[in-house]
Protein chains: 2
Amino acid sequence: MQSYAEMSKEELQALRKKLSAQYKEFQGKDLKLDMSRGKPSAEQLDLSMEMMNVLNSDSDLTCEDGTDCRNYGVLTGIKEVKELIGDMMEVSPDNIIIYGNSSLNVMFDTVSRSMTHGVMGCTPWCKLDKVKFLCPVPGYDRHFGITEYFGIEMINVPMNEDGPDMDMVEKLVSTDDSIKGIWCVPKYSNPTGNSYSDETVRRFARLKPAAPDFRIYWDNAYGIHHLYDHDQDHLIEILAECKRAGNPDLVYKFSSTSKISFPGSGIAAIATSRNNLEDILKQLKYQTIGHDKVNQLRHVRFFKDIHGMVEHMRRHADILRPKFEAVTSILDRELSGLGIGSWTTPKGGYFISFDTLDGCAKDVVAKCKKAGLVMTGAGATYPYGKDPHDCNIRIAPSYPPLGDLILAMELFALCVKIVSIDKLLADKETVEKTVAPAESKAEA
Amino acid sequence: MQSYAEMSKEELQALRKKLSAQYKEFQGKDLKLDMSRGKPSAEQLDLSMEMMNVLNSDSDLTCEDGTDCRNYGVLTGIKEVKELIGDMMEVSPDNIIIYGNSSLNVMFDTVSRSMTHGVMGCTPWCKLDKVKFLCPVPGYDRHFGITEYFGIEMINVPMNEDGPDMDMVEKLVSTDDSIKGIWCVPKYSNPTGNSYSDETVRRFARLKPAAPDFRIYWDNAYGIHHLYDHDQDHLIEILAECKRAGNPDLVYKFSSTSKISFPGSGIAAIATSRNNLEDILKQLKYQTIGHDKVNQLRHVRFFKDIHGMVEHMRRHADILRPKFEAVTSILDRELSGLGIGSWTTPKGGYFISFDTLDGCAKDVVAKCKKAGLVMTGAGATYPYGKDPHDCNIRIAPSYPPLGDLILAMELFALCVKIVSIDKLLADKETVEKTVAPAESKAEA
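What counts, and at which threshold
Residues numbered from 1 in each chain as written. Chains lettered and ligands numbered in written order. Predicted model: local features only at pLDDT ≥ 70, side-chain atom pairs only at ≥ 80, totals over all residues. Heavy atoms only, no water. Helix = DSSP H or I, 4+ residues; strand = E, 2+ residues; numbered from the N terminus. Rg over C-alpha atoms; globule rule 2.2 N^0.38 Å. Buried < 20%, exposed > 50% of the residue type's maximum accessible area, 1.4 Å probe, protein only. Contact = heavy atoms within 4.5 Å. Areas by Shrake-Rupley, 256 points an atom, 1.4 Å probe, with all protein chains shown as cover. Lys, Arg positive; Asp, Glu negative; His and termini not counted. Charge placed at Lys NZ, Arg CZ, Asp CG, Glu CD. Core = buried A, V, L, I, M, F, W, Y, C linked by side-chain atoms within 4.5 Å. pLDDT = per-residue confidence, 0-100. Pairing = 2+ DSSP bridges. Buried area = accessible area lost by both parts, 1.4 Å probe. Salt bridge = Lys/Arg side-chain N within 4 Å of Asp/Glu carboxyl O. Polar contact = N/O pair within 3.5 Å; in protein donor to acceptor, adjacent residues only side chain to side chain. Nonpolar A, V, L, I, M, F, W, Y, C, P; charged D, E, K, R; others polar.

Looking at an unreviewed UniProt entry, chain A carries the name Aminotransferase, with the source organism given as Brotaphodocola catenula.

This next bit is on the overall build of chain A. Each helix and strand in chain A was counted, giving 13 helices and 13 strands. Radius of gyration (C-alpha) of chain A: 24 Å, near the 22 Å computed for a compact globule of 444 residues. Seen through its C-alpha atoms, chain A measures out along the principal axes to roughly 90 × 50 × 35 Å. Burial status across chain A gives 59% buried among its 444 residues. Sequence-distant contacts in chain A: of pairs separated by 6 or more residues, those separated by 24 or more amount to 77%. Accessible area of chain A: about 17,300 Å², with a carbon and sulfur share of 49%. Here chain A contributes 53 positive and 63 negative side-chain charges, whose respective centroids are spaced 3 Å apart.

Let's shift gears to the nonpolar core. Core analysis: the biggest nonpolar cluster contains 112 residues, and Phe204(A), Ile216(A), Trp218(A), Phe204(B), Ile216(B) and Trp218(B) have the highest contact counts within it. Those residues in contact with Phe204(B) that lie beyond four places of it in its chain are Pro164(B), Met166(B), Val169(B), Ile182(B), Cys184(B), Tyr196(B), Ile216(B), Trp218(B), Ile238(B) and Leu250(B).

Moving on, we come to the confidence of the model for chain A. In this model, chain A carries an average pLDDT of 96, and 98% of its residues clear a pLDDT of 70 or more. Interface predicted TM-score (ipTM) for the complex: 0.95; the corresponding pTM is 0.96.

The side chains of a regular strand alternate, residue by residue, between the two faces of the sheet. Residue and element names in this part refer to chain A. Among the five residues in strand β11 (residues 352–356), four count as buried, and that is most of the element. The pairing of strand β10 (residues 341–343) with β11 spans three bridges and is antiparallel. If you follow Trp343 over to β11, its bridge partner there is Phe354. Bridge count between β11 and strand β13 (residues 392–395): four bridges; the pairing is antiparallel. Bridge assignment links Asp355 to a residue of β13, and that residue is Asn392.

Mapped onto the elements, Tyr140(B) comes out in the loop between β3 (132–137) and α5 (141–149). Residue classification places Tyr140(B) among the buried residues on the basis of a relative accessible area of 13%. Along the backbone, Tyr140(B) and Ser112(B) are 28 residues apart, and their C-alpha atoms lie at a distance of 19 Å. Each residue touching Tyr140(B), except ones within four places of it in the same chain, is listed here: Ile289(A), Arg37(B), Leu104(B), Asn190(B), Asp219(B) and Arg394(B).

Contacts between chain B and chain A engage 60 residues on the former and 60 residues on the latter. Buried surface at the junction of chain B and chain A, summed over both partners, amounts to about 5,000 Å²; 53% is from carbon and sulfur atoms. Where chain B meets chain A, there are two salt bridges. A salt bridge links Asp46(A) to Arg70(B); the shortest N-O distance between them is 2.7 Å. Counting across the chain B and chain A interface gives 20 residue pairs in polar contact (both at pLDDT 80 or more). Taken together, the elements giving at least two residues each to the side of chain B that touches chain A come down to α2 (42–46), α4 (103–117), α5, α9 (274–287) and α10 (293–303) of chain B. For the side of chain B that touches chain A, the class distribution of residues is 23 nonpolar, 22 polar and 15 charged.

This brings us to the pattern of salt bridges. Pairing is possible between side chains that carry opposite charge, provided their charged atoms lie close to one another. Applying the stated criterion to the full structure yields 50 salt bridges over all chains. The salt bridge involving Arg203(A) is made with Glu199(A); its shortest N-O contact spans 3.5 Å. One end of the pair is Arg203(A) and the other is Glu199(A), both in helix α7 (residues 198–205) and four residues apart, which spans about a single turn. By relative accessible area, Arg203(A) is classed as partly exposed at 22%. Its salt-bridge partner being Arg37(B), residue Asp141(B) comes within 2.9 Å of it at the nearest N-O pair. Of this pair, Asp141(B) sits in helix α5 while Arg37(B) sits in the loop between β1 (33–35) and α2, placing them 104 residues apart in sequence. In this structure Arg37(B) comes out as partly exposed when scored by relative accessible area, which is 26%. Sharing partners across several salt bridges, the network here consists of Asp167(A), Glu170(A), Glu199(A) and Arg203(A).

In this model, Val137(B) is joined to Pro138(B) through a cis peptide bond whose omega is 0°. Within the fold, Pro138(B) resides in the loop between β3 and α5. With an omega dihedral of 10°, the bond running from Asn190(B) to Pro191(B) counts as a cis peptide bond. Checked against the element boundaries, Pro191(B) lands in the loop between β6 (179–184) and α7 (198–205). With a phi close to 45°, Asp390(A) is a non-glycine residue in the positive phi region. The class for Asp390(A) is buried, based on a relative accessible area of 16%.

What follows is the structure in structure tokens.
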């Protein structure tokens, strides 16, 4: 494949014409494809339908300690679900609070509580002039949405293949006491799919924050969401690592079963140190009488234990794997060697991250949309929706059926080509305009 | 029955001795009775067990508009559950947001949002020096808990048979702009069981608050929780009344199915004006992707419509009615005419309110506990747990089986008698001490 950058203006124009014809063909197909969010497909949801049968009108809804799960009470979750989610999150059940259906809501509440009541006796953030969060980028738009909502200033930190730029994180966190947190998706990260290396996790656990109320917001959303049976990323468990490093209270770990059982009807949890749990419980006991224990019991009776859950995730992987592989193989086939884009090839999670040439992402997404394909908005992976290079696009392969996905990715690759050519042609024009007068001058 | 106040010291002492013997008998029974919370009984929970069957692995979990309830999305609730809960709350589905399992949590979030972001553009409460709430007393301890948690100053307002003292409410609300809210349980109030009269509701709707961000927190927890088929309290619908009075944004109305389906596994909602809804949605869209739609669908398919729900509540009433009647008949039999207590006889809800002689409530609750009966803590029905007269006790008849309840109420009445006698005897002694020297002086 010839790199586009090496092609002449005329070659690019000729190619542009050919690609435009292909694009028009796509437009004629009246497509309605949606790859905007990391939603499981209907086929994946079908995997959990047996969960609808585990409780029926003859069931005993008493949990192991004798509690009637149908009634009020049990603020932090029933014992057996703490055990299951503890195994899922790789922490002791004693370090867990089980919440409702949304880990995003738990994160929101965690920030909200820090605003109104502070963290473990520190000044409430709403009383401070300035509160900042570090945001590895590209990252998860809904994380950035929470901090933006609370008026927290967000600082971009580059996300590398092995995790955030830890030199920058260490420097900022140790010198600026207005930095109160960092958003992390440490495993199969949203959107790159990369996982933090052992060294990165160790450096996180050994941070020496200037602010005593600095916390790592460790959203381990894809902890067991592998695509392959044997080729899996492994992440050092952060709670234990923080404890070993003498920083037991440094991290809040979040997770949920949203992409294991049902999105919106699963179970979310926080795992953290006893000190942090105590601090959280001071709020929680006023906030609610308890979360949905019937649903907790339903999950335990369906999955039985972590082995059941892992086996369940293999069935998810069987559906997701061909989709991820379709995306990367189409990108390989269509774009490899052209020098107009790069992408990740994750071994798990829900996303593939694509980088266009600088200044092309918005146009690519717009061009896709005009032919009936909705992608995640360009810029969404950055705080305030502002990608400084306008190059990152999140690809979410999970939701569309495989046939649609193939079509979508072919359209996507085509749009990348067209927008890149337009960009290269515009660049050439700028160069000509700049160079031409100089040449005229030389001739004169 | 002879009033205790009219009895001589010797008569009281003799009676005290007899009652002490009865109390010792109770202590010998090794009772473990709990009337502390308004929890439905197991028998009531059994009424909803068919709800476990309405969804199974063959069910189509698509809702009317085609949404797959198993997946992400639908921030404010599925259409059909809004219709059902709208009928339950007597408001249009368009005025509703469906939440998770706990209306308490919705109230907490409402206060929390007002703290961090203010109400419809007003200054966030966390930026104000002083925020106050009016608290009709006796009232619901968990309401007071929320405002206490946020450092909001609570002002007691007497709760009368027809609702809060509206002269006081009107005066305070119209003159003090630091008063931002009032906690109301308008129907079958917690704990008195009284409902607000038409006049009270009309006066609420016509309040002219000094603070533009003043809101009525209208917790209609017992809207359809009648004990009788025909003898029911009726409450004017507050949203419509506020609209008619030109005060459309004045009220947040809360409700849930906690005491209809399953406590902790039901559905909660807020109903309010479009302006308020818009204001709330600005938060909600960052807080969560959506609540549990499978559970919403489960509720709709079980109850079908408001008629199904009302029929269901009749079955609850059949279980609750004998318990309420047992409580009041035992109180009548044991305490009527003695002048040592008064109590309410509600036609719905979950509580009966009992007033002892001043200064006796704590001792009565403690005496019950020593014989194995846990009541709601004395003082719990007042902000900060401080009942200025130490006289109010909340009776929660729903949870214990009828046999236990009868035993518990007999013990309760006995404790009221003993503590009242001790109080009267102590009073007599004080009088003697005060009078005696005077008499000696006169004699001298």
